[in-house]
Amino acid sequence: MAVYTDVSDEDIARFVAEYDIGNVISFKGIAEGVENTNFLLQTDQASFILTLYEKRVNPDDLPFYLGLMDHLSAKGLNCPTPIHGRDGVALRRLCGRPAAITSFLNGMSPRRIMPHHCTGLGAALAQLHTAGQDFEMYLGNALSVKGWRPLFESCRADANGVQPGLEKLIEDELVFLEANWPHQLPAGVIHADLFPDNVFFFPGKDDVSGLIDFYFACNDLLAYDIAICMNAWCFEPDNSFNVTKARNLLSSYGKVRALSDDELAALPILARGASLRFLLTRLYDWINTPKDALVTPKNPREYINKLRFHQRIDSAGAYGLGEE
Ligand SMILES: Nc1ncnc2c1ncn2[C@@H]1O[C@H](COP(=O)(O)OP(=O)(O)OP(=O)(O)O)[C@@H](O)[C@H]1O
Ligand SMILES: N[C@@H](CCO)C(=O)O
């Protein structure tokens with residue numbers, strides 16, 4: 001349950017009065033999500049999402065996230081559109097927290113990922129990368145290769161308690177990635193957290209109907225975003241890699257934005273980095289989330305298996321490219 005900040009009926013009525021979106025007819029907390037407090041807000045004009053940004057989001061980065069959603073929406077990407085108040089301002093404060101209203105997107109995240117979802121995902125990801133190319137703001141990725149060691153140092157003492165040998169696995173992987181990370185590939189705005197819960201589809205349709213949750217978006221290597229998606233979408237619950245899903249993801253991405261030979265060659269190492277990134281953040285949360293917290297931390301072990309899988313891969317052919 002992710003409603004960290006309570007908002008009264010009076011607070012919401014006062015807040016909505018700053019906008020030209022009609023009068024509130026219903027307002028309820030959304031259980032999904034772990035980072036921020038989200039409410040479904042219905043007015044007599046439309047449905048909206050009200051988000052109160054909680055401690056994990058740096059308030060200084062909010063203009064980038066909201067500006068990016070404005071930019072991508074204007075380019076025709078179906079993502080939440082920030083709603084601006086009568087004074088033109090989208091980022092406001094409510095109940096002591098930074099807050100914004102965005103448009104509500106119809107559609108549902110897939111409960112069971114099928115290969116056709118990965119086809120839709122690949123096209124949507126490439127559209128996002130293409131549409132982001134002329135976005136003028138810049139935000140570096142705090143969770144890329146330079147950010148991983150400090151994160152590891154903050155939780156390494158507890159790593160072996162989560163799985164024996166984990167501290168050495170991470171240390172060795174960090175040394176490898178720090179020495180071999182490809183810095184010269186095409187870069188731009190990436191989503192950086194495009195997991196199935198952030199991608200909507202209409203039932204029975206292959207195309208993505210909408211993308212949400214841009215609060216890890218940043219500037220980084222475009223192919224790194226593909227690697228994040230490959231990890232989040234192309235493994236089965238038993239940890240086996242589904243090459244059909246990966247092939248669909250990569251080939252539909254490539255139809256919208258062609259991948260260079262260098263990007264393809266770097267995919268295994270980018271996938272190792274993407275595994276380590278989510279292994280580390282999950283490990284940190286696993287160790288630091290109080291037992292009585294509202295949210296259940298995600299299991300880091302899933303990402304140990306993904307990392308081990310990619311460590312055995314030496315070329316992108318293993319991800320289904322070049323096959324029929
Ligand atoms: N614009 C939107 N349109 C429709 N539903 C939305 C929208 N934004 C958020 N939601 C709903 O709210 C839920 C939580 O949103 P979101 O994933 O952004 O939360 P979060 O706490 O930032 O997330 P996370 O834990 O995934 O980082 C989503 O799973 C979705 O059901
Ligand atoms: N998508 C992240 C959590 C939310 O940012 C994970 O699965 O670890």
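The preceding data block contains the structure.
Cut-off values and rules
One numbering rule holds for all chains: residues counted from 1, following each sequence as written. All chains are assigned letters beginning with A, and all ligands numbers beginning with 1, in the order in which they are written. Only residues with pLDDT of at least 70 are given local features in this predicted model, and only at 80 or more are side-chain atom pairs given and counted; all residues enter the totals for whole chains, interfaces and linings. Water and hydrogen atoms play no part in the side-chain values, which are based on all heavy atoms of the structure. Distances are taken per atom, and a residue is near a molecule or strand as soon as one of its heavy atoms is within 4 Å of it. Counted as a polar contact is a pair of N or O atoms within 3.5 Å, where, for protein atoms, one must be capable of donating a hydrogen and the other of accepting one, and residues adjacent in sequence contribute only when both atoms are in side chains. Throughout, the Shrake-Rupley method with a 1.4 Å probe supplies accessible areas, and for residues the shown protein chains are the sole cover considered. Residues are grouped as follows: Ala, Val, Leu, Ile, Met, Phe, Trp, Tyr, Cys and Pro are nonpolar; Asp, Glu, Lys and Arg are charged; every other residue, Gly included, is polar. Throughout the structure description, domain borders are defined by an automatic or database domain assignment. What makes a salt bridge here is a side-chain nitrogen of Lys or Arg within 4 Å of a carboxyl oxygen of Asp or Glu, nothing more. Under the scheme used here, helices are H or I runs from DSSP no shorter than 4 residues and strands are E runs no shorter than 2 residues, and both carry numbers assigned from the N terminus. Residue burial is assigned from relative accessible area. The probe radius is 1.4 Å, only protein chains are included, and a residue is buried under 20% of its type maximum, exposed over 50%, and partly exposed in between. One fewer than the residue count of a helix, multiplied by 1.5 Å, yields its expected span. Note on definitions: a residue-residue contact is assigned when non-hydrogen atoms from the two residues lie within 4.5 Å.

Engineer: Explain the site of ligand 1 residue by residue, including any values.
Structural biologist: Close to ligand 1 lie 17 residues, the nearest being Val34, Glu35, Asn36, Leu105 and Asp213. Between a nitrogen atom of ligand 1 and a main-chain N or O atom of Leu105, the distance comes to 2.8 Å. Protein chains bury 89% of the 620 Å² of accessible surface belonging to ligand 1 in isolation. In terms of residue class, the shell around ligand 1 is made up of eight nonpolar, five polar and four charged. Each of two domains, domain 1 (9–103) and domain 2 (115–319), supplies a minimum of three residues to the shell around ligand 1.

Engineer: Before we move on, can you summarise the pattern of salt bridges with the specific residues and values?
Structural biologist: Inspection of every chain in the model, using the stated rule, returns 20 salt bridges. Where Asp134 meets Lys75, a salt bridge forms, and the shortest distance between an N and an O atom there is 2.7 Å. Separated by 59 residues along the polypeptide, Asp134 in the loop between helix 3 (115–131) and helix 4 (145–153) and Lys75 in the loop between helix 2 (62–74) and strand 4 (92–94) bring together distant segments of the chain. For Asp134, a relative accessible area of 42% puts it in the partly exposed group. A single salt-bridge network, built from bridges that share partners, covers Arg149, Glu153, Arg156, Glu167, Glu171 and Glu178.

Engineer: Describe helix 8 (residues 243–256), listing the residues and the values that go with them.
Structural biologist: With 14 residues, helix 8 extends 20 Å from end C-alpha to end C-alpha; this agrees with the ideal 20 Å at 1.5 Å per step. Every buried residue of helix 8 is listed here: Lys245, Ala246, Arg247, Asn248, Leu249, Leu250, Ser252 and Tyr253. Buried residues belonging to helix 8 abut helix 3, helix 7 (222–233) and helix 9 (261–288). For helix 8, the capping residue at the N-terminal end is Asn242, with a side-chain oxygen 3.0 Å from the backbone nitrogen of Thr244.

Everything listed here is a matter of geometry and, on its own, says nothing about what the molecule does.
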